[in-house]
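Results of the structural survey
Given next are the chains, with one letter for each unit.
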Amino acid sequence: SQKIEQNSEALNIQEGKTATLTCNYTNYSPAYLQWYRQDPGRGPVFLLLIRENEKEKRKERLKVTFDTTLKQSLFHITASQPADSATYLCALDVVGDDKIIFGKGTRLHILP
Amino acid sequence: ETGVTQTPRHLVMGMTNKKSLKCEQHLGHNAMYWYKQSAKKPLELMFVYNFKEQTENNSVPSRFSPECPNSSHLFLHLHTLQPEDSALYLCASSPGTGATEAFFGQGTRLTVV
């Protein structure tokens with residue numbers, strides 16, 4: 001069955017640097033992949049969606065890449081700020097099914 | 001606010017109780033979902049409703065019973081739960097199933113004692 005792995009449970013980055021989070025999947029390539037942000041005690045909030053035929057997507061300081069050869073998506077936050085500290089979740093669709101599955105998430109800490 | 005409202009925000013129940021979680025959205029979405037989020041585990045999809053019809057039951061024990069009376073409301077009825085069912089229960093909606101973003105509620109923090 002499809003598995004999602006997000007690079008590390010926690011990541012510390014100095015303010016102003018670029019934070020890069022990794023999402024790897026094991027089996028078939030999904031039609032699309034999504035990234036969400038989750039703050040403690042709150043539900044996830046959608047950030048970006050990238051389709052399998054797109055290499056890169058940008059939104060303000062966020063950039064997502066999708067490499068179906070490597071079975072990997074990278075999520076970048078440039079000029080990171082302490083307010084970017086949160087858990088970031090990767091999600092992808094299950095082919096032929098009405099659902100998406102989520103990774104465990106990476107807790108990002110931006111240090112002032 | 002995402003437009004998806006869940007009540008209650010917190011719930012403590014005994015193993016013999018019956019309680020219900022409520023989710024409401026007025027975004028005009030056709031698909032609604034229940035997810036379970038436990039510590040150190042990924043979000044687990046429990047149920048999917050599309051146009052009020054249940055299209056997915058992800059091998060969830062029968063002590064969890066969903067109900068979708070209309071496309072704006074979703075309930076999760078709880079009966080004789082176990083302590084390991086303690087978790088954050090999240091409701092989400094989307095315009096349809098497929099390549100669309102999901103809008104999540106704030107969740108209900110459930111503790112079974």
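This write-up is about the structure you can find in this document. (Residues numbered from 1 in each chain as written. Chains lettered and ligands numbered in written order. Predicted model: local features only at pLDDT ≥ 70, side-chain atom pairs only at ≥ 80, totals over all residues. Heavy atoms only, no water.)

1. Concerning the overall build of chain B
So the rule is basically this: Note on conventions: DSSP H or I runs of at least 4 residues are helices, E runs of at least 2 residues are strands, and numbering of each starts at the N terminus. Radius of gyration means the value over C-alpha atoms here, while the globule rule gives 2.2 Å times the residue count to the 0.38 power. Only protein chains enter the area calculation, which uses a 1.4 Å probe; residues under 20% of their type maximum are buried, those over 50% are exposed, and those in between are partly exposed. Contacts are residue-level and defined by heavy atoms, with any inter-residue pair within 4.5 Å sufficient. Note on areas: Shrake-Rupley, 1.4 Å probe, and residue coverage restricted to the protein chains presented here. Only four residue types enter the charge count, namely Lys and Arg as positive and Asp and Glu as negative; His and the chain termini do not. A charge is said to be at NZ when it belongs to Lys, at CZ for Arg, at CG for Asp and at CD for Glu.
What chain B contains, in helices and strands, is zero helices and eleven strands. Starting at the N terminus, the α and β elements of chain B follow one another as β-β-β-β-β-β-β-β-β-β-β. Since a compact globule built from 113 residues should have a radius of gyration of about 13 Å, the 13 Å found for chain B is in line with a globular shape. Relative to its full complement of 113 residues, chain B shows a buried share of 47%. Partitioning the intrachain contacts of chain B with sequence separation of at least 6 by distance along the chain shows that 54% fall at a separation of at least 24. Per element, the accessible surface of chain B, about 5,200 Å² overall, is 50% carbon and sulfur. Each charge class in chain B was averaged separately, 10 positive and 9 negative side chains, and the resulting centres sit 8 Å apart.

2. Focus on the overall build of chain A
In terms of helices and strands, chain A carries zero helices and eleven strands. Element order for chain A, N to C, with α for helix and β for strand: β-β-β-β-β-β-β-β-β-β-β. Whereas a compact globule of 112 residues would reach a radius of gyration of roughly 13 Å, chain A reaches 13 Å, a difference of no more than 12%. For chain A, the C-alpha atoms occupy an extent of roughly 45 × 30 × 20 Å along the three principal directions. Once local pairs closer than 6 in sequence are excluded, the contacts in chain A between residues at least 24 apart make up 55%. Counting every atom, chain A has about 5,500 Å² of accessible surface; 49% of that belongs to carbon and sulfur. On chain A, the mean spot of the 15 positive side-chain charges and the mean spot of the 13 negative ones are 3 Å from each other.

3. Here we look at the state of the cysteines
Where two cysteines share a covalent bond between their sulfur atoms, that bond is called a disulfide. This is how the line gets drawn: Cysteine sulfur atoms are paired as a disulfide whenever they come within 2.5 Å of each other.
Evaluated as defined, the whole model comprises two disulfides over all chains. Distance from the sulfur of Cys68 of chain B, which forms no disulfide, to the nearest cysteine sulfur (Cys91 of chain B) is 9.1 Å.

4. Regarding the side chain of Asp85 of chain B
All names here are of chain B. How we decide: We define a polar contact as two N or O atoms separated by no more than 3.5 Å, with the added condition that, inside protein, one atom must be a possible hydrogen donor and the other a possible acceptor, whereas residues neighbouring each other in sequence contribute only through side-chain atom pairs.
As for its placement among the helices and strands, Asp85 is situated in the loop between strand S8 (73-79) and strand S9 (87-94). Polar contacts involving the side chain of Asp85 include one to the main-chain amide nitrogen of Gln82, which spans 2.7 Å. The residues touching Asp85, leaving out its near neighbours within four places in the chain, are Lys36, Arg63, Phe64, Leu110 and Val112.

5. Points about unusual backbone geometry
Residue Pro8 of chain B follows Thr7 of chain B across a cis peptide bond; omega there is -10 degrees. With respect to the element layout, Pro8 of chain B can be found in the loop between strand S1 (4-7) and strand S2 (10-13). Even without being a glycine, Glu60 of chain A presents a positive backbone phi close to 55 degrees. Relative to the elements of secondary structure, Glu60 of chain A occurs in the loop between strand S6 (56-59) and strand S7 (62-67).

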